[in-house]
Amino acid sequence: MSFLEWRKFNFFDIIHDADSKKISQTIGSSKITSTSSGHGHLVTCDDDGLVHLITRTFQVTTFRAYQSAVLLSTQLQYSSFLVTIGEDEPSTNAILKVWDLERRDRQSTPICIRSTKLPKSEKPTTLCVTDNRLLMAVGFVDGCIALFKGDLSRDRNSKPKMLKELGQGITGMAFKCVSKDQWYLFVSTASSVQQFNVTSKDSCPMTVLDAVGCDFKCSVLVNGPDSHFMIAKEDAIYCYTVDSRGPCYVVGGEKIILQWFRNYLIIVSRERGKPLNAITVSTTTKHSDEIESISITVLDIQNKFIIYTTTMQDILSVLPEWGSLYILTTKGCLSQLIEKDLQSKLTVLFKKNLYDVAVRMAKCQQYDSQALIDIFRQYGDHLYTKGDHSGAVEQYIKTIGKLEPSYVIKKFLDSQYIDSLTTYLHALHKSGNATKDHTTLLFNCYSKLNSLDKLQEFIVIKDENIDFDVDVAIKVCRQSSPENALALAEKHSRHFLYIKILLEDRHEYTSALEYIEKLSIEQSVQTIKQYSNVFMENVPKDTVSFLKKLCSTCYTTTNVDLSGNLAQPEDFIYLLLDDSECLVDFLEHFDNFLDKWSTSLLNTYIEHCLIVWKNENNQEKRSIIEKKIVNILQSSDIKTCDHYQILILATSFEFKPAIVYIFEHNKQYSKLIRYYLSLYDYIGAIECCRRYGHVESKLWILLFNTAMVDDMFPPSMLEEILNEIERKSLLSAHFTITSLAKSKTINIGHVRAYLTSLFGAEKKTLEKDKEMVDKYQKDTETLKHTIEKLKNWYIHAVVFQGLRCSACNNQLELPSVHFMCQHSYHQHCFQAFSESEDDCPACTPNNKQIVDIIRTQGQIKDYNEAFHSQLERATDSFSLISEYFGRCLFDDLSTVENQLAKSKLLSSPVVLTPKPVAPVVQTPPRLSPILSVQTIQQQNTNPFDEDDDDMEYDDNKNPFKDEYDESKNPFADDS
């Protein structure tokens, strides 16, 4: 597009400063030789050696930099350093000075921190410094370039490096940084453009970019990532990169200044024959009689439109600073170009319906995204009003995610706009902002347009990232194209919908089962549970086969986390309840995992096995089923079995083997006997008694009682029952005979052998008991005679004939102790072994045992409940009562103890000592009196009788009156 075809706007306001007179008065008649701007200053230099610093409030500070003229100056953009080149004396080498504007001396003059004389005497024409202050270049009129490296504020003595001489005066220079350590220097002359790689230490290779040059001030470096080095010629603006020539903009006119401000290119050109303030960009032929004027034009190169243009006189320089452009004339007048705010620009563009320009401008200036969406909306509304529906949809598509879709959709609901609506809905799904309603609407649009190919492409294509509600899409497709619905469900793993379409729309049950087999275990379980009834109604065999495979995983898997989601056989039993044979076949597939079967599963299996057994007429097959059921019950793999439930089932189906097993397994033998008897299976009942009679003896009694009342009971079995009862003494003979006598079916011939044996045994018992009675009577008489003699010991003398000690078995020596039980001891042996001085050590254990038995029997007799309990269980009550009488358990314990105390006279001791001792006769409270043994006399002649007051003691008659010789005592102490 030619520059003349660019749109023109007025986006700047010009202000002619009233304070410009102060600036012109400060400069006076001096000629401005150089200008610069940056770091909050506008800098002007004159030919009198003065530097003028202008602040934002247009306050001017002047200091002398040189004695003669200032030739060049550059203010660093982000630093307070000002670099100048000037002369102190004419016809001498120019001097380069670096000023720190923030540091002042006492006269408020900036301090010069560096002063370096240039290496050449030729006039310098250009000056360029990098913002990091590490590179600086000076161009001369003869085409030489002096390159300074290092910190320009410190390296005062560093010598510059002279680059290749170009043969023409240097008209422009600019440094460009490609990477962190890669710098290039663009150089322009009147007839060429080249770049130097200044990164190298040894040499700086040069690359010629073009054979077209420019005048002074007609080159500029565009900032930014895609920056270019631009030069201005009369026919166009040329751009260059570090490698080659870039784009070219056709802009006519004689350019005198080229400047860059923000994203705009400022061109100052000379025109003739045009009145002031006329907007023009054409080049005219020079005539001396025409009026010369200067035009300033601001171009937005990226968007290709002119944002401002005007004409002035005597423009010396254009300086960007403080967000505005400042135009300086040769007379020192300063004008300000202020850019209008973005909203004002957009308002102008909206009024002219230039929404495309507004969009481009907003994007360039990083406009707010929400505001940018509003521009797209207005642009779309404008195109919709004009009838450009496709263009409007393109703009509306750019608002997706911010603008409510219903705002756009309601504009295109008319059938004539269905194409545009489809385009918008497609983009809405692609952006991921579509809802179920949008998906339904889009698929309906495809259906109305008969665009099944586009619908299929929308569904199946994989490279396009389109987000939409798959479930709604499948629902819509099912109505028009089930094939597409299947493809969509398979692509997006909607397994339930896929199966539903196969079953309900296409009725392909086998295909559905095959598809389910391809799914994961969890998905297969969920799917088959949902549609199990449908499969069983249409493909039962295939379904059962599939269920066998599926349920087997619950027993074979080792994944604990997965086991909760697996299919269990119990989950599908309800499907087979109407077909017991099929159910039994299904469950038998898992009979290798009986240890993992649940109680309910086992009960169900046995129940349906019983149903099959009941309905089976073939006896051989019935036997097989019987064995199968019994083997299942007897299997050691079964850990949980509800025998009560199985017993109910077996009873209801009259399945005898299971009932017999359960009673035997639970040791319920009485119930088993009753079950046999209820079936009149007397042989089974007596066999049960034979097997378990030793465990539970009352089984024989139960069978006997039944035989007494059951008219059908075989009398031939009665003899064995009676023999077992007699052998184990289960019932008394009296009760047995009484029961037999009451029976109507049993006669004497059936029990002849039993009665003969019973009476014979009773006769032998009686004879034996009679012998025992006679023996006990003799023993009792003997004991009574002995007790009587002991009671009358003073009448009937007791002779102690023991010659040896009963403890040490040595010859007895005095002193010695004799007991009436005929045990004798040395006195020291008696004292060592006896626990009590009144008891015989040899008889004490036996006497204690007897006492303990009596006391225990006395305690036992207090337990009435125990006695009555034994009495109830005893087969012979009379014998038990006789036993209690024999143990004296019905006598008073004190009476028995008194009798025992009296009988201890048998073990009363008699002590023989060598000394005469006073005779002591123990009274009855002491059951074992100690007596001094002498010749036993009658009571009235007893020399030891202390009760005879008239008797005088004759010491001469005492055979032990002599002193005892201790030397004769074998037990005396040696000491």
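This section reports on the structure supplied with the text.

Topic: the packing of helix 18 (residues 599–615) against helix 20 (residues 643–652)
- Running from N to C, helix 18 and helix 20 cross one another at 10°; their axes reach a closest spacing of 10 Å. When the axes of helix 18 and helix 20 are compared, the pair comes out roughly parallel. Seen from helix 18, the contacting residues are Asn603, Ile606, Glu607 and Leu610; seen from helix 20, they are Gln645, Ile646, Leu649 and Ala650.
- Grouping the constituent residues of the contact of helix 18 with helix 20 by class yields 5 nonpolar, 2 polar and 1 charged.

A closer look at the pattern of salt bridges
- Scanning all chains against the criterion turns up 19 salt bridges.
- Residues Lys120 and Asp142 are paired through a salt bridge, measuring 3.1 Å at the closest nitrogen-oxygen approach. Within this pair, whereas Lys120 is found in the loop between strand 10 (110–117) and strand 11 (124–129), its partner Asp142 is found in the loop between strand 12 (135–140) and strand 13 (145–149), the two being separated by 22 residues in sequence. Comparing Lys120 with Asp142 shows no difference in burial state: the two are buried.
- Glu508 is the salt-bridge partner of Arg506, the closest N and O atoms lying 3.3 Å from each other.
- Among the ionic contacts, a cluster of salt bridges with common partners joins Asp374, Arg377, Asp381 and Lys411.

A few points about helix 26 (residues 733–742)
- Taken residue by residue, helix 26 has Thr736, Ser739 and Leu740 as its buried positions. Each buried residue of helix 26 sits inside an arc of 100° when the element is viewed along its axis, so together they form one side. Residues His734, Ala741 and Lys742 are exposed on helix 26 and point more than 90 degrees away from its buried face.
- Here the buried face of helix 26 lies against helix 24 (698–709), helix 25 (718–728) and helix 27 (752–791).

Structural notes on the sheet that holds strand 12
- Here 4 strands make up an open sheet; going across it, the order is 11-12-13-14 and the pairing antiparallel. What marks the edges here is a single partner per strand, and that holds for strand 11 and strand 14 (161–162).

Cut-offs and rules
- Residues numbered from 1 in each chain as written.
- Predicted model: local features only at pLDDT ≥ 70, side-chain atom pairs only at ≥ 80, totals over all residues.
- Heavy atoms only, no water.
- Axes fitted to C-alpha atoms, helices over the stretch in contact; angles between N-to-C directions.
- Helix = DSSP H or I, 4+ residues; strand = E, 2+ residues; numbered from the N terminus.
- Parallel < 35°, antiparallel > 145°, perpendicular 65-115°, else oblique.
- Contact = heavy atoms within 4.5 Å.
- Nonpolar A, V, L, I, M, F, W, Y, C, P; charged D, E, K, R; others polar.
- Salt bridge = Lys/Arg side-chain N within 4 Å of Asp/Glu carboxyl O.
- Buried < 20%, exposed > 50% of the residue type's maximum accessible area, 1.4 Å probe, protein only.
- Arc of directions from axis to C-beta.
- Pairing = 2+ DSSP bridges.

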